[in-house]
Structures are given as C-alpha cells and as structure tokens.
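Descriptive analysis of the structure
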Amino acid sequence: MSRLGMGFTAFLCLAAPGYALSDDPAKAGALPPAVTAATLTAGEHDFDFEIGAWKTHLSRRLHPLTGSQTWVEYDGTTIVRPVWEGAGNLVELVVDGPAGHFEGLSLRLYNPQTRQWGLNFANRSDGQMVAPTIGGFRDGRGEFYQQDTLNGRAIFVRFVITKKSKDAIHFEQAFSADGGKTWEVNWIADDTRTVS
C-alpha cells in the first residue's frame, strides 16, 4: 500500500466513529464490546429522513483544484428510494442549467460489520461507478471519505450531508490535494422536500 493509502486509512480510522484510540492504558488493549443484532442494525436507517422526492439546487465548480472560481448552477429533482428495508437506498438526480443537463445515480449501502455506509456514485454521461466514499452519521451530520485521483494527482474526497430540517438537506463535496490539511469545496446542493 502506498504511503498516501496508509495515511488515508489512518485518517479514516481516526475520523470514523468507534475507531478512536484510547488515552486510557487500561482500555488500550481491551476488546471491543460484543456485537449484537441491535448493534449491527444501529445505523442502517440513517438515511430514512431522505426517502422521498426533493427539489434540488446544485452549484458545481467547473475546474476544481486549479484556482478557478467559475461555478455553474443547475436546478432539478432528486428521488430517493429505499432498498433492503432501509439498509440501502437509490438516489436519482436530474438537473439542468446553463452548463447543460446532468444525471447522477447513487447507490448507498450499509455495512453492518463496520457500521459504515458506502456511497457509490455514477454519472450517466460515462456510466461508470466510482469508488465509494465511506463513513457515517453523527448528530445529524454525515461525513464520507475516499481516496481518488484528479488529472493524475492523488487527492482525498470528502462528502458531507447535513440535515437542516425534516424538509431541507445540504450537501457539500470537497477535494484536498495536501493530505487533508486544506479542503476546496466543488459541489454544493440544497434539497427541499416536495409536497405530495
């Protein structure tokens, strides 16, 4: 594994709930608590609040990590459907704007062993599923991370989901080219629930 990969793995372990190192020497070698059925399903309903239809406003930075301040705007819809009785969900995003038409698909899957979600995303223009961002929720905020490349350069990806209310959600994606020291936001979306 590359140094970057090892560093990112360590970063994920420290950032992920339940993986923090203990400062208490008595607990340092302790085994984790017993895994129960309740523990395994504890997070599989984290996305229940998002199930339904949403009006979406999306802003996207055209040339991330280049110093560019050029953003494009889109408006459209997002539909979120549950799968596996809540342990997964399928997101369909369709937006239009001056930069054109965009369709995205996200398959989010809960891993009961790690108690983390994998967010798998595909853009209709190339039909390719990218490596998932991995993470989970704490206090209404979801943070998900991934190692990727951009124009041949190794980067980290951070995706944050913030539940503003039962009818409003905020999403931000950011890239880091310096190992997570600084982050540049390149994707901002605000969803408002549509009235049935």
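A brief report on the enclosed structure follows. (Residues numbered from 1 in each chain as written. Predicted model: local features only at pLDDT ≥ 70, side-chain atom pairs only at ≥ 80, totals over all residues. Heavy atoms only, no water.)

1. Considering the overall build of the chain
Quick reminder of the rule: Every helix listed is a DSSP run of H or I at least four residues long, and every strand listed is a run of E at least two residues long, numbered separately from the N terminus. Relative accessible area decides the class of each residue, using a 1.4 Å probe on protein chains only: under 20% of the type maximum gives buried, over 50% gives exposed, and in between gives partly exposed. Two residues qualify as a contact provided that any one of their heavy atoms is within 4.5 Å of a heavy atom in the partner residue.
Along the backbone of the chain there are three helices and 11 strands. In the chain, the succession of helices and strands from N to C terminus is α-α-α-β-β-β-β-β-β-β-β-β-β-β. With 196 residues in all, the chain has 35% of them scored as buried. Counting contacts in the chain only where the partners sit at least 6 residues apart, residues at least 24 apart contribute 40% of the total.

2. So, the packing of aromatic side chains
Put simply, the rule is: Whether two aromatic rings pair depends on their centres lying within 6.5 Å, for rings of Phe, Tyr and Trp, where Trp uses its six-membered ring; planes under 30 degrees apart make the pair stacked, over 60 edge-to-face, and the rest tilted.
Using the criterion set out here, one finds 13 aromatic pairs in the structure. With a centroid separation of 6.3 Å and an interplanar angle of 25°, the aromatic rings of F47 and F144 are classed as stacked. Taken as a pair, F47 in the loop between helix 3 (37-40) and strand 1 (52-61) and F144 in strand 8 (residues 141-150) lie far apart in primary sequence, 97 residues in all. Both residues of the pair, F47 and F144, count as buried. Look at F137 and F144: their rings are 5.8 Å apart centre to centre, the planes differ by 75°, and that puts the pair in the edge-to-face class. F137 sits in the buried class, given a relative accessible area of 19%. Pairwise contacts between aromatic rings join F47, F49, Y110, W117, F137 and F144 into one cluster.

3. What to know about unusual backbone geometry
Despite not being glycine, L65 shows a phi value in the positive range, around 60°. Note on placement: L65 falls in the loop between strand 1 and strand 2 (71-83). Take L65: its relative accessible area is 19%, and that puts it in the buried class. With a phi close to 55°, E85 is a non-glycine residue in the positive phi region. Positionally, E85 belongs in the loop between strand 2 and strand 3 (88-97).

4. Examining the pattern of salt bridges
Side-chain pairs of opposite charge can arise whenever the charged atoms involved come near each other. Which entries qualify depends on this criterion: For this analysis, a salt bridge means a side-chain nitrogen from Lys or Arg found within 4 Å of a carboxyl oxygen belonging to Asp or Glu.
Under the defined criterion, the tally for this structure stands at seven salt bridges. E143 is paired through a salt bridge with R141; the nearest N and O atoms lie 2.9 Å apart. E143 gets classed as partly exposed once you look at its relative accessible area, which sits at 26%. We note a salt bridge from D167 to R193, for which the minimum N-O separation is 3.1 Å. Taken together, the positions of D167 in the loop between strand 9 (153-165) and strand 10 (168-176) and R193 in strand 11 (residues 184-193) put the pair 26 residues apart, joining distant regions of the chain. Given the relative accessible area of 30%, D167 is considered partly exposed. Residues joined in a network through salt bridges with shared partners are K166, D167 and R193.

5. Some thoughts on the environment of E143
Relative to the assigned elements, E143 resides in strand 8. Measuring from C-alpha to C-alpha, the distance between E143 and T133 comes to 8.9 Å, with 10 residues separating the pair along the chain. Apart from residues no more than four positions distant in its own chain, E143 is found in contact with I134, G135, G136, F159 and V160.

6. Here we look at the layout of surface pockets
Rule in force here: Points on a 1 Å grid over protein atoms alone make up a cavity when a 1.4 Å probe fits among them but cannot get out, and a pocket when they form an open set with protein on both sides within 12 Å along at least five of seven lines; lining residues each have an atom within 4 Å of a point. Grid points are joined across faces, edges and corners, and a volume is the space filled by probe spheres set on the points. Polar here means any residue outside two lists: the nonpolar Ala, Val, Leu, Ile, Met, Phe, Trp, Tyr, Cys and Pro, and the charged Asp, Glu, Lys and Arg; Gly therefore counts as polar.
Put simply, the largest pocket is a space of about 990 Å³. Lining the largest pocket are 40 residues, and of these F102, F121, V130, Q173 and W187 lie nearest its centre. Class assignment of the residues belonging to the lining of the largest pocket gives a composition of 20 nonpolar, 13 polar and seven charged.

7. Considering the environment of R141
Within the fold, R141 resides in strand 8. Judged by relative accessible area, R141 falls into the partly exposed class, the value being 36%. Considering only alpha carbons, one finds R141 and V160, 19 residues apart in sequence, at a separation of 7.1 Å. For R141, the contacting residues outside a window of four places in its chain are G136, V160, I161 and T162.

By themselves, these are just geometric observations and shouldn't be taken as functional.
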